[in-house]
Amino acid sequence: MSPKEGVCLCLVYLRQKPTFDILGLLFDISKTKANDAFNYWVKILREILPASQMEEVEKDSQKYQELRKILCEHELIVDSAEQAILMTCRLSRAKAALFWQEKDAYPEKPVSCVA
């Protein structure tokens, strides 16, 4: 596997989180080799690329505070894949009625404790 393919494999895994079976299929290698390649390249990338600017300056409190001040002045833009999905509570009356009918159709089993 070339360095270009190895880095690409690592980035695909970090972004998409496929199983190593799927990753192996994508790169035409076995799941074991996909796992090995990922672990090899993630160590290298981790050494070269810090996780964040905050991590770079966390040991220097003055730089940390300066960076924090700068970051607080900007609007945060989050990739849509990273945003929480808001679940709406607006069920239609029909769905709500169906939900309660199904719930009532199956009585709860009594819970008994054995001492």
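Placed above this text is the structure.
Below or above, wherever it landed, is the structure these notes cover. These numbers come from a predicted model, not from an experiment.

Moving on, we come to the layout of surface pockets. As a volume, the largest pocket reaches approximately 160 Å³. Lining the largest pocket are L11, L14, V42, L45, R46, L49, P50 and A51. Take the lining of the largest pocket: its biggest share by element is three residues, from helix α3 (residues 31-48). Here the lining of the largest pocket is composed, by residue class, of seven nonpolar, no polar and one charged.

Turning next to the pattern of salt bridges. A side chain of one charge can pair with a side chain of the opposite charge when the charged atoms of the two come close. Counted by the stated rule, this structure contains one salt bridge. Between D21 and K31 there is a salt bridge; the shortest N-O distance is 3.9 Å. One end of the pair, D21, is in helix α2 (residues 20-27); the other, K31, is in helix α3, with ten residues separating them in the sequence. Look at D21 and you get partly exposed, because its relative accessible area is 42%.

So, on to the packing of helix α1 (residues 3-16) against α2. When two helices pack together, you describe them by how their axes are tilted relative to each other and by the distance separating the axes. Viewed as axis vectors pointing N to C, α1 and α2 meet at an angle of 140 degrees, and their least axial separation amounts to 11 Å. The way α1 lies across α2 gives a crossing that is right-handed. Mapping the contact onto sequence places E5, C8, L9, V12 and Y13 in α1 and F20, L23, L26 and F27 in α2.

Take the packing of α1 against α3 next. The interhelical angle for the contact between α1 and α3, taken along N-to-C directions, is 90 degrees, at an axis separation of 9 Å. Here α1 lies roughly perpendicular to α3, going by the angle between them. Residue-level inspection shows P3, G6, V7, L9, C10, Y13 and L14 of α1 in contact with α3, the latter providing A34, A37, F38, W41, V42 and L45.

You can see P18 is positioned in the loop between α1 and α2. Judged by its relative accessible area of 14%, P18 falls in the buried class. Residues in contact with P18, not counting those within four places in the same chain, are V12, Y13 and L23.

Conventions we followed
Residues numbered from 1 in each chain as written. Predicted model: local features only at pLDDT ≥ 70, side-chain atom pairs only at ≥ 80, totals over all residues. Heavy atoms only, no water. 1 Å grid on protein atoms, 1.4 Å probe; cavity = no way out; pocket = protein on both sides within 12 Å on 5 of 7 lines; lining within 4 Å. Points joined across faces, edges and corners; volume = space filled by probe spheres on them. Helix = DSSP H or I, 4+ residues; strand = E, 2+ residues; numbered from the N terminus. Nonpolar A, V, L, I, M, F, W, Y, C, P; charged D, E, K, R; others polar. Salt bridge = Lys/Arg side-chain N within 4 Å of Asp/Glu carboxyl O. Buried < 20%, exposed > 50% of the residue type's maximum accessible area, 1.4 Å probe, protein only. Axes fitted to C-alpha atoms, helices over the stretch in contact; angles between N-to-C directions. Left-handed = near helix turned anticlockwise from the far one by under 90°. Contact = heavy atoms within 4.5 Å. Parallel < 35°, antiparallel > 145°, perpendicular 65-115°, else oblique.

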